[in-house]
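Listed here are the chains, written in short residue letters.
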Amino acid sequence: MSGEYIEDSAVDVSHTHEEKSSAFQKLVIVFNKVKHRLPSRDYWKPLFWSLGSIILALLVSAIMMTVMGYDAIMAFDYLIRGALDQPDRVLQYATPLILTGLSVALAFRCGLFNIGPEGQLLIGSMAAAILGYVVALPFLVHPLVCIGVAALAGGLWGFLPGLLRAYRGAHEVVTTMMLSYVAINFTQYLAGGPLKEQGEYAWISQTTRILDTSELAKIFGPYLHWGFAVAIVCVIGIDFLLKRTVLGYEMKAVGLNEEAAEYAGINSKRSMALALGISGALAGIGGAGEILGTHHRFLDGWSGGLGWDGITVAVLGNNSPWGVLGAAIFFGALRAGGNRMHQFAHVPIEIVGLIQGLVVIFVAAPRIIDWLGRQTIDSASWIKREPREGLPGIAVLVFNLFGLFLGIGISASLFATNPILGVMFSMVGIVSGLVSYRILSRQETALSLSIIPAIAWVDAMVLDILIGEAMFFNMGMVMVIVGLILSVVLWMMQALTVQPDGGEV
Amino acid sequence: MQDIQTLVALTGWLLKATLMMSTPLVLAALGGLFSEKTGIVNIGLEGMMLIGAFSAVAATYFTDNPWLGVLAAVIAGGMLASIHAIVCVKYKGNQIVSGAGIILFAGGFTTLMLEVVWGVKGVSDSVTRLPNVVIEPISDIPILGVALGAQSPLVYIMLILVVVSWFVIYKTPFGLRIQAAGEDPSALDAAGVSVSSVRMIGVVLSGCLSGLGGAYLAISYASEFGKMMTVGRGFIALAALIFGNWTPFGCLIAGALFGFLDGLQFAISILPEFSFMLEYVNFIKMIPYVLVIVALAGIRKSVPPKAIGTPYEKEARG
Amino acid sequence: MSSSNKSVMAVALIIIIGIAGLGIYIIAFNPFAPPTTTTTTTTTTTTTTTTGNPNPYDVAIVFATGGLGDKSFNDAAYQGALDAEDQLGITFTYVEPASVTEFEGYIRDYALHAGYDDPYDLIICVGFTQADALMTVANETPTQNFAIIDMWIDPVVYPTVTSLLFNENEGAALVGALAGLMTTTNKVAIAAAYQNDMFDRFAGGYVFGANYTNPGIAGDLSHAAPYNCTVAYVGSDWRAFTDIPAATILADALYNAQGNDIVFAATGRAGLGVINTAKVLNETLDHPAWAIGVDSPQMYLGTANPSAPDAPTAVITSMLKRVDVAVFDAIKNATTTGHTPGIWSGTVANGGLDFEINADLRVIPQSILDEVNAFKALIAAGTVVVPFNLYWI
């Protein structure tokens with residue numbers, strides 16, 4: 001244990017800061033304790049990448065929303081409020097995502113890419129839906145049996161590509177994807193054909209409603225059902241499997257280096273087939289949970305791409321069980337909030353899909369985030385090294401980035417009504433963008449150029465007042481004033497710094 | 001007598017439908033070919049087709065010239081592919097994750113833009129279609145005339161592109177570089193050719209071709225953009241690529257087969273004699289996927305490029 | 001020494017950031033705000049409630065997955081709501097769900113009037129795919145009034161739900177009668193979305209109408225589809241409503257390979273594919289290629305440039321399903337005289353179903369119009385009973 005260390009730091013702190021209150025001291029002690037318990041820097045890197053990707057994706061989507069003429073601030077306001085208001089809905093959305101995410105993540109740990117959780121989920125959910133109304137079983141037992149059979153069905157759907165990969169070398173990316181479409185068509189056929197509910201609602205492709213005994217009860221609120229608890233159990237179980245069992249160790253070894261694992265006496269074929277099998281079973285459980293807890297029947301098209309989202313979740317969660325949990329809850333919040341956003345701000349819900357896609361693209365290339373991180377660190381050290389240049393540099397950078405965003409956004413909303421003004425504002429945006437690029441690449445001339453965007457803003461505002469009926473007066477005037485002040489300050493500072501050096505310029 | 005006439009008409013139509021349905025598949029599969037030959041997996045074909053379809057309709061809507069629409073589709077597909085290229089080649093990201101991201105992004109983006117441009121959620125306004133090319137000499141031949149006599153120009157372009165791709169990949173120095181980038185990038189590097197740039201070009205080409213396929217769907221086959229209108233055709237194209245064993249003519253044959261299956265569904269739908277099969281349409285839809293799995297399972301050995309899926313890290317030289 | 005200093009600074013920083021974040025959260029979202037009347041002085045004068053957030057809307061609409069701009073079903077419902085806004089002075093809000101799984105959440109949000117203090121007078125669910133979700137929510141909120149279009153929900157079990165239904169067979173019979181009179185090849189077809197009760201009604205009515213005016217279009221008893229009146233399906237499930245490419249190729253087969261000259265595009269938005277094919281084929285085929293629109297007036301879609309419609313058009317008529325009338329009536333009842341649960345049936349008799357005549361785009365011979373109108377009068381009077389499905393012979 002690290003008790004020894006805590007003792008040490010406690011003594012240290014209490015000696016040096018005796019005048020501070022004891023509560024604060026205790027906080028510091030706790031902080032030190034936590035700090036030294038925390039794993040090394042490399043461990044945090046994936047978290048940094050994930051968070052960076054999310055922030056970057058949100059920023060890019062905000063820019064795109066503004067360009068498309070939506071009020072990004074209002075949209076995000078409703079999005080956040082919607083997510084905070086309805087935790088039950090967030091967790092309900094997260095439940096299947098946790099399981100499909102785990103499914104992808106587990107396969108990935110074994111070096112396999114399961115991109116067919118959609119099919120495994122559908123097959124599992126179909127199995128659960130059939131068992132839910134065909135078999136009569138007592139309470140509690142019934143849902144468990146349904147989930148178990150769904151896991152088997154989904155597992156079979158994953159085990160087959162696993163076998164093909166292990167023994168025939170068929171690439172799992174292709175086979176899981178193709179099997180996924182087979183499952184989609186097969187369940188469509190079942191729901192619209194032999195298993196279609198007869199009677200007054202016969203024109204909808206759906207199976208008969210499951211029996212009451214097989215329904216998963218709600219935990220709280222109208223949305224959250226006990227499937228969430230099942231998902232959490234699965235997270236713990238997979239965590240245990242990967243960290244504490246021989247099978248998990250073998251899977252990870254195969255994932256790291258198949259040949260080396262084989263050399264070390266691990267049956268890599270068995271590990272791969274099993275990994276994809278368990279992976280499919282997880283997706284199947286996810287499907288069963290949704291059917292038993294939310295939809296109560298197999299409704300054609302109910303999934304809406306949950307399997308695909310599983311890939312997103314696993315990628316964002318860095319393929320670790322707890323990371324997947326966090327990522328799934330994040331996406332659940334995005335969807336719950338997205339619904340609210342659509343309902344009240346009438347912003348299309350597809351924004352959520354856009355954000356998801358961007359997150360995935362950015363996570364795919366952690367080096368982009370690293371590059372941005374390095375830029376930030378560079379900027380920080382620039383300020384440290386040359387505060388006289390760095391501080392105003394950053395200020396001008398922020399001003400110009402904001403100007404870029406604003407100029408393009410305004411121009412997009414203007415093009416339809418007033419194209420001349422639209423072109424003018426987009427020019428302002430482009431100028432601001434160029435200046436920020438020069439500052440980012442540490443060009444010496446960049447700071448002296450900062451007067452140009454200010455002048456551009458003045459021009460745009462004059463034009464706006466003349467032919468645009470001063471639509472953006474307040475916003476534009478703020479930009480003009482800030483821009484002018486910045487350039488004046490910069491000019492004065494340069495004048496001050498150059499003179500003592502004695503005409504070196 | 002009338003039955004025979006109907007049969008002839010239907011055969012001709014089925015051939016025509018096969019060509020129509022397979023054109024987007026073959027174009028996207030050729031795109032996938034260029035990308036995978038250079039060693040970059042591209043599962044984002046679906047997304048690139050979508051964005052191509054959207055840009056084709058949008059450009060035609062604003063300019064009223066469908067050929068500009070085709071151009072816009074090619075450019076847009078290429079641009080989206082260049083994101084994939086930058087992520088995979090420059091930043092050495094995971095190619096499958098990036099492809100999945102491309103699909104998600106394209107789906108969200110096009111639906112959103114649909115709302116921005118036309119203010120609708122599902123289907124855009126109708127635009128001018130690419131006019132069909134009528135080839136007089138063969139349009140009178142009974143079956144062939146129906147099939148090839150009056151088709152969209154993109155159908156003929158597709159057939160030409162198959163030959164051109166074959167020529168480019170197997171008969172030109174650039175094609176050799178493409179193959180080397182996929183088979184043995186370090187050799188290519190040793191020969192002093194930049195692996196990254198060859199791969200970049202391959203991926204961007206794949207986007208252009210997929211965009212063309214999307215344009216065919218949007219302004220030649222239909223005349224408007226519908227939300228998610230590719231409905232999985234990008235994946236079928238990927239299946240055609242694998243089933244066609246990573247060769248241009250293989251892509252053509254596999255694409256034609258899958259296109260034929262698509263057309264068959266409608267033949268079943270309009271012939272009362274076959275109407276009992278309506279229930280089993282889903283099984284016909286499954287055939288391409290099952291065929292690919294069976295093919296991969298070892299009936300026929302398919303050989304992907306060796307270095308596929310692995311980013312190329314230049315070895316540090318002493 | 002220095003390391004502990006850093007720790008102190010870090011702790012202080014975390015506390016400061018935490019407090020600042022909490023402050024921003026409270027300022028921005030104001031979760032603990034007491035129900036004050038200070039900021040909303042205008043609302044307190046109009047309403048006597050002190051809880052600051054009255055519901056600005058009377059009616060909420062949950063659209064079908066096609067969303068607004070489908071030029072058919074959803075747009076018609078929206079038009080009905082706009083008419084109600086104009087004429088009755090009501091206000092309404094709406095959502096456009098992207099998939100079938102979102103219905104329940106949206107309906108429940110409206111039923112629980114999330115974000116507002118008082119409930120909506122009426123929640124309108126557009127499309128039969130919402131039935132399940134609606135029944136679930138109606139069970140939870142027994143006082144909320146609902147209406148659903150195109151679906152029958154038992155008013156005994158769900159006493160708050162009005163079902164707005166249409167006898168599509170009557171409307172289809174009208175356009176079928178016109179098709180029977182207009183055809184030059186004696187071969188007509190219907191492209192239905194997929195096989196189900198509703199499209200059986202469409203097909204049954206269409207075949208009946210065509211046969212009524214043109215006995216040359218006879219049924220083949222052994223098949224569900226009469227021999228020279230083809231019943232073809234675009235797809236096998238609800239995806240067929242949006243599958244324009246599939247409808248395009250199906251229409252190509254119907255006109256080209258089978259030699260039909262009139263195709264009734266009863267497949268929602270995918271009908272655009274049929275109409276476009278008709279437009280193109282009109283130039284090359286030796287017989288005319290005409291289409292019949294569905295739900296809303298679609299004759300303009302068959303012209304060379306739909307944004308500035310000009311004769312001629314390839315769409316000879318449209319079967320009008322006046323969803324806007326249904327929605328308007330439901331809103332009117334709910335906001336004025338009181339919600340009437342049960343069934344509202346749109347028929348030819350009450351104007352809920354009709355066929356489109358647009359002499360600007362295509363002039364139909366008066367003799368034909370007279371005959372169809374006579375047929376219409378017979379249906380409205382109940383003298384002619386249109387069958388509900390295909391097995392009418």
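Small disclaimer: the values here were computed from a predicted structure and weren't measured. (Residues numbered from 1 in each chain as written. Chains lettered and ligands numbered in written order. Predicted model: local features only at pLDDT ≥ 70, side-chain atom pairs only at ≥ 80, totals over all residues. Heavy atoms only, no water.)

## Comments concerning the packing of helix H15 (residues 350-364) of chain A against helix H16 (residues 366-385) of chain A
Residues and elements named next belong to chain A.
Okay, step 1: Relative orientation of the contacting elements H15 and H16 amounts to 80°, with a least axis distance of 4 Å. By the angle between their directions, the pair H15 and H16 is classed as roughly perpendicular. Between H15, through Phe362, Val363 and Ala364, and H16, the contact on the second element is made entirely by Pro366, Ile368 and Ile369.
Okay, step 2: Grouping the constituent residues of the contact of H15 with H16 by class yields six nonpolar, no polar and no charged. (Axes fitted to C-alpha atoms, helices over the stretch in contact; angles between N-to-C directions. Helix = DSSP H or I, 4+ residues; strand = E, 2+ residues; numbered from the N terminus. Parallel < 35°, antiparallel > 145°, perpendicular 65-115°, else oblique. Contact = heavy atoms within 4.5 Å. Nonpolar A, V, L, I, M, F, W, Y, C, P; charged D, E, K, R; others polar.)

## Quick notes on helix H4 (residues 103-111) of chain C
Residues and elements named next belong to chain C.
Okay, step 1: Within H4, nine of the nine residues are buried, leaving the element largely enclosed by the surrounding structure.
Okay, step 2: Within the sequence span of H4, burial applies to Phe103, Glu104, Gly105, Tyr106, Ile107, Arg108, Asp109, Tyr110 and Ala111.
Okay, step 3: Phi turns positive, to about 35°, at His113, one or two residues after H4. (Buried < 20%, exposed > 50% of the residue type's maximum accessible area, 1.4 Å probe, protein only.)

## A word on empty space enclosed by the protein
Okay, step 1: According to the stated counting rule, one finds nine cavities of 30 Å³ or more in the structure shown.
Okay, step 2: Space inside the second largest cavity adds up to approximately 380 Å³.
Okay, step 3: Thr294 and His295 of chain A together with Val100, Thr101 and Glu104 of chain C are the residues nearest the centre of the second largest cavity, which is lined by 26 residues in total.
Okay, step 4: Of all the secondary structure elements, the ones that give two or more residues to the lining of the second largest cavity are helix H5 (87-109) and helix H12 (268-295) of chain A together with H4 and helix H5 (131-140) of chain C.
Okay, step 5: Top element by residues in the lining of the second largest cavity is H5 of chain A. It accounts for four residues.
Okay, step 6: Taken together, the residues of the lining of the second largest cavity break down into nine nonpolar, nine polar and eight charged. (1 Å grid on protein atoms, 1.4 Å probe; cavity = no way out; pocket = protein on both sides within 12 Å on 5 of 7 lines; lining within 4 Å. Points joined across faces, edges and corners; volume = space filled by probe spheres on them.)

## Considering the sheet that holds strand E12 (residues 353-355) of chain C
All names here are of chain C.
Okay, step 1: Judged by pairing direction, the sheet is mixed, and its six strands sit side by side in the order E7-E6-E8-E9-E10-E12 without closing on themselves. Strands with a single pairing partner mark the edges of an open sheet, and in this sheet they are strand E7 (229-233) and E12. When strand polarity is set aside, the average angle formed by the axes of neighbouring strands in this sheet is 15°.
Okay, step 2: Of the pairings in the sheet, the one linking strand E8 (residues 262-266) to strand E9 (residues 290-295) comprises three bridges and is parallel in character. Within the sheet, the bridge partner assigned to Val263 lies in E9 and is Ala291.
Okay, step 3: The sheet contacts of helix H8 (residues 244-257) involve strand E6 (188-192), E7, E8 and E9, and relative to E7 the element is tilted by about 165°. (Pairing = 2+ DSSP bridges.)

## Things to note about the sheet that holds strand E5 (residues 161-166) of chain C
Residue and element names in this part refer to chain C.
Okay, step 1: Within the open sheet, the six strands sit side by side as E2-E1-E3-E4-E5-E11. Their pairing is parallel. Strands with a single pairing partner mark the edges of an open sheet, and in this sheet they are strand E2 (92-95) and strand E11 (342-346). In this sheet, adjacent strand axes meet at a mean angle of 20° when their direction is disregarded.
Okay, step 2: Sheet topology places strand E1 (residues 59-62) next to strand E3 (residues 122-125); four bridges connect them, and they run parallel. For Val62, the partnering residue across the bridge sits in E3 and is Cys125.

## Regarding the side chain of Glu96 of chain C
Okay, step 1: In this fold, Glu96 of chain C is placed in the loop between E2 and H4.
Okay, step 2: Other than its neighbours up to four places away in sequence, Glu96 of chain C contacts His342 of chain A, Glu115 and Lys121 of chain B together with Phe63, Gly67 and Leu68 of chain C.

## A word on the pairing of E5 of chain C
All names here are of chain C.
Okay, step 1: Counting buried positions over the six residues of E5 gives six, a clear majority of the element.
Okay, step 2: Side chains Val161, Ser163 and Leu165 project from E5 onto one buried face, and the interleaved Thr162, Leu164 and Phe166 project onto a second face that is buried too.
Okay, step 3: Pairing analysis gives four bridges linking strand E4 (residues 146-149) to E5, with the strands arranged parallel. Following the sheet pairing, Ile149 is matched in E5 by Leu164.
Okay, step 4: Of the pairings in the sheet, the one linking E5 to E11 comprises five bridges and is parallel in character. By the bridge assignment for E11, Phe166 is matched with Gly346.

## Thoughts on unusual backbone geometry
Residue and element names in this part refer to chain A.
Okay, step 1: Not every positive phi belongs to a glycine, and Asn319 is a case in point at roughly 60°.
Okay, step 2: Tracing the chain through its elements places Asn319 in the loop between helix H13 (306-316) and helix H14 (321-345).
Okay, step 3: Exposure remark for Asn319: the relative accessible area of 11% places this residue in the buried category.

## Here's the deal with the nonpolar core
Okay, step 1: In this structure, Ile124, Ile149, Phe202, Tyr206, Tyr255 and Phe264 of chain C are the most contacted members of the largest nonpolar core, which totals 345 residues.
Okay, step 2: It is helix H1 (residues 2-37) of chain B that contributes the most residues to this core, 15 residues altogether.
Okay, step 3: Split by domain, the residues of this core number at least three in each of domain 1 (79-347) and domain 2 (364-497) of chain A.
Okay, step 4: The contacts of Phe264 of chain C, once residues within four sequence positions are left out, are Ala172, Val175, Ala189, Ile190, Ala191, Phe202, Tyr206, Ile292, Gly293, Val294 and Met319 of chain C. (Core = buried A, V, L, I, M, F, W, Y, C linked by side-chain atoms within 4.5 Å. Domains from an automatic or database assignment.)

## Structural notes on the confidence of the model for chain B
All names here are of chain B.
Okay, step 1: Taken as a whole, chain B shows an average pLDDT of 84; of its residues, 94% reach a score of 70 or greater.
Okay, step 2: Within chain B, no element has a lower average pLDDT than helix H5 (residues 142-148), which sits at 73, and none a higher one than helix H6 (residues 153-171), at 93.
Okay, step 3: Both scores are given for the predicted complex: the pTM is 0.79, the ipTM 0.81. (pLDDT = per-residue confidence, 0-100.)

## Quick notes on the confidence of the model for chain A
Reading fine detail from the predicted coordinates is not recommended where pLDDT is low.
All names here are of chain A.
Okay, step 1: The predicted model of chain A has a mean per-residue pLDDT of 81, with 87% of residues at 70 or higher.
Okay, step 2: The least confident element of chain A is helix H1 (residues 3-16), whose mean pLDDT is 46; the most confident is helix H9 (residues 227-244), at 93.
Okay, step 3: Here residues 1-18 scores under 50 on pLDDT; set against residues more than four positions off or in separate chains, the count is 20 contacts.
Okay, step 4: When the criterion is pLDDT under 50, residues 500-505 qualifies, and its contacts beyond four places in sequence or with other chains add up to two contacts.

## What to know about the domain arrangement of chain A
Okay, step 1: Per the domain assignment, the segments of chain A are domain 1 (79-347) and domain 2 (364-497).
Okay, step 2: Placing a centre on the C-alpha atoms of domain 1 of chain A and another on those of domain 2 of chain A gives a separation of 47 Å.

## A short note on the interface of chain B and chain A
Okay, step 1: Chain B puts 45 residues into the contact, and the matching count from chain A is 41 residues.
Okay, step 2: Of the roughly 3,900 Å² buried between chain B and chain A, counting both surfaces, carbon and sulfur atoms make up 78%.
Okay, step 3: Counting every contact that joins chain B to chain A gives zero salt bridges.
Okay, step 4: Counting across the interface, chain B meets chain A through three residue pairs in polar contact (both at pLDDT 80 or more).
Okay, step 5: Those elements that provide at least two residues to the side of chain B that touches chain A are helix H3 (66-90), helix H4 (95-118), helix H10 (233-243) and helix H12 (281-299) of chain B.
Okay, step 6: When residues in the side of chain B that touches chain A are grouped by element, the largest group, 16 residues, is from H4 of chain B.
Okay, step 7: Of the residues contributing to the side of chain B that touches chain A, the split by class is 28 nonpolar, nine polar and eight charged. (Buried area = accessible area lost by both parts, 1.4 Å probe. Salt bridge = Lys/Arg side-chain N within 4 Å of Asp/Glu carboxyl O. Polar contact = N/O pair within 3.5 Å; in protein donor to acceptor, adjacent residues only side chain to side chain.)

## Regarding the packing of aromatic side chains
Okay, step 1: Scanning the model with the defined rule gives 34 aromatic pairs over all chains in all.
Okay, step 2: Between Phe425 of chain A and Trp457 of chain A the ring centres are 6.1 Å apart and the planes differ by 65°, which places this aromatic pair in the edge-to-face class. Separated by 32 residues along the polypeptide, Phe425 of chain A in helix H18 (residues 419-440) and Trp457 of chain A in helix H20 (residues 451-467) bring together distant segments of the chain. In this pair, the class of Phe425 of chain A matches that of Trp457 of chain A, namely buried.
Okay, step 3: Grouped by ring-pair contacts, the aromatic residues Phe54, Tyr61, Phe62, Trp118 and Phe225 of chain B constitute a single cluster.
Okay, step 4: Directly above the aromatic system of Tyr78 of chain A lies the positively charged group of Arg81 of chain A, at a separation of 5.7 Å from the ring centroid.
Okay, step 5: Residue placement shows Arg108 of chain C over the ring face of Tyr223 of chain A; its charged tip is 4.7 Å from the ring centre. (Phe/Tyr/Trp six-rings, centres within 6.5 Å; stacked < 30°, edge-to-face > 60°. Lys NZ or Arg CZ within 6 Å of the ring centre and 35° of its normal.)

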